[in-house]
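This is what each chain is made of:
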Amino acid sequence: MWRRLFANGAAVRAVVDRIDTQIGPIGMLANVAGILRVASIDALRDEDWDRSFAVNMHGVFHLSRAVAQRMMPRRAGSIVTVGSNAAFVPRMQMAAYAASKAAAHQFTKCLGLELAEHGIRCNIVAPGSTDTRMQRQLWTNRKTKKGVIAGSLPAYRTGIPLGRIADPEDIASAVLFLLSNASRHVTLHSLCVDGGATLGV
Ligand SMILES: NC(=O)c1ccc[n+]([C@@H]2O[C@H](COP(=O)([O-])OP(=O)(O)OC[C@H]3O[C@@H](n4cnc5c(N)ncnc54)[C@H](O)[C@@H]3O)[C@@H](O)[C@H]2O)c1
């Protein structure tokens with residue numbers, strides 16, 4: 001049900017309103033759900049493109065708008081969008097993913113700009129390769145975990161200078177920092193957590 005919900009603005013608003021009134025005021029939002037469709041552009045189907053934007057961008061928009069509407073009268077809140085380092089650096093066979101993540105990054109920054117006067121902060125965590133189901137679907141005979149760390153010149157992909165794939169906890173701690181009061185003067189920021197893979201761009 002949640003899969004369909006994120007792409008449906010009215011349904012998202014109804015759920016957010018219910019949580020806010022029945023469970024308690026929402027003070028923090030982390031937009032984490034995402035999908036990755038891997039295909040070269042000539043083979044990319046309309047459905048791959050539409051679905052990538054539905055989840056990675058429209059979901060962020062629907063949830064952030066609904067939560068912001070609840071936070072604004074209270075003049076407090078923090079929103080973090082988990083984007084991707086692919087929003088900064090082009091990646092082979094990831095056009096739909098990278099474009100949808102770039103849109104989510106810029107949306108989150110515009111949101112942060114509008115919400116600053118309401119005391120609400122909006123930031124981005126941009127992970128690189130992280131050991132989850134999404135990452136493991138990329139580890140095939142042709143592309144292994146070691147290969148991801150080493151990088152690939154034919155794919156125009158640098159390796160990971162820190163020499164490891166991130167654990168989910170590495171990303172979660174960056175999200176928690178940006179959601180918490182420890183970052184109370186940080187907004188409109190993209191925090192890249194990729195072991196240096198995109199060379200600090
Ligand atoms: N794993 C990586 O290497 C990596 C790199 C960069 C960015 N990211 C980003 O990190 C976030 C988390 O990804 P992950 O690596 O844990 O991937 P994952 O595939 O392991 O998990 C994705 C999660 O999103 C949920 N989801 C997908 N579509 C949904 C929908 N329509 N409605 C509700 N939930 C939905 C799934 O149920 C799942 O729990 C994503 O935004 C992803 O783009 C991951």
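Before any of the text, the structure's been laid out above.
A. Expanded view of the site of the ligand. Near the ligand, the surroundings consist of 17 residues, among which Ala33, Gly34, Thr132, Arg133 and Met134 are the closest. For the shell around the ligand, the elements supplying multiple residues, two or more each, are helix 1 (2–5) and helix 5 (133–136). In terms of residue count, helix 5 provides more of the shell around the ligand than any other element does, three residues in total. Of the residues belonging to the shell around the ligand, the class tally is nine nonpolar, six polar and two charged.

B. Focus on the nonpolar core. Grouped together as the largest cluster of nonpolar side chains are 41 residues, with contacts concentrated most on Leu63, Val67, Ile79, Val80, Val125 and Val175. For this core, the element with the most residues is helix 3 (residues 46–71), which contributes nine residues. Apart from the residues within four sequence positions on either side, Leu63 is in contact with Phe6, Val12, Leu29 and Asn31.

C. The environment of Thr158, seen in detail. Mapping Thr158 onto the fold places it in the loop between helix 6 (145–150) and helix 7 (168–179). By the C-beta count within 10 Å, which is 15 here, Thr158 ends up partly exposed. Put simply, Thr158 and Val148 are ten residues apart on the chain and 8.8 Å apart in space, counted from C-alpha to C-alpha. Residues contacting Thr158, with those up to four places away along its chain left out, are Gly151, Ala197 and Leu199.

D. Broad picture of the sheet that holds strand 4 (residues 190–193). Reading across the sheet, the four strands line up as 1-2-3-4 and stay open at both edges, with parallel pairing between neighbours. Because the sheet does not close on itself, it has two edges, and the strands there are strand 1 (28–31) and strand 4. Strand-to-strand twist in this sheet, taken as the mean axis angle between neighbours without regard to direction, amounts to 20°.

E. The packing of helix 2 (residues 9–23) against helix 3, seen in detail. Taken N-terminus to C-terminus, the directions of helix 2 and helix 3 make an angle of 40°; their axes are 9 Å apart at the nearest point. Looking at the two axes, helix 2 sits oblique to helix 3. Relative to helix 3, helix 2 is oriented so that their crossing is right-handed. Facing Gly9, Val12, Arg13, Val16 and Asp20 of helix 2, the residues of helix 3 in contact are His62, Leu63, Ala66, Val67 and Arg70. Of the residues that constitute the contact of helix 2 with helix 3, the class distribution is five nonpolar, two polar and three charged.

F. Inspection of unusual backbone geometry at higher detail. Phi at Arg75 is positive, roughly 55°, even though this residue is not glycine. Relative to the assigned elements, Arg75 resides in the loop between helix 3 and strand 2 (77–82). Positive phi, normally seen in glycine, also occurs at Tyr156, with a value near 55°. Assignment of secondary structure puts Tyr156 in the loop between helix 6 and helix 7. By C-beta crowding, Tyr156 is classed as exposed, having 11 other C-beta atoms within 10 Å.

Thresholds applied
- Residues numbered from 1 in each chain as written.
- Predicted model: local features only at pLDDT ≥ 70, side-chain atom pairs only at ≥ 80, totals over all residues.
- Near = placed C-beta within 6 Å.
- Helix = DSSP H or I, 4+ residues; strand = E, 2+ residues; numbered from the N terminus.
- Nonpolar A, V, L, I, M, F, W, Y, C, P; charged D, E, K, R; others polar.
- Core = buried A, V, L, I, M, F, W, Y, C linked by C-beta atoms within 7 Å.
- Buried ≥ 20, exposed ≤ 12 C-beta atoms within 10 Å, placed from the backbone.
- Contact = placed C-beta atoms within 7 Å.
- Pairing = 2+ DSSP bridges.
- Axes fitted to C-alpha atoms, helices over the stretch in contact; angles between N-to-C directions.
- Parallel < 35°, antiparallel > 145°, perpendicular 65-115°, else oblique.
- Left-handed = near helix turned anticlockwise from the far one by under 90°.

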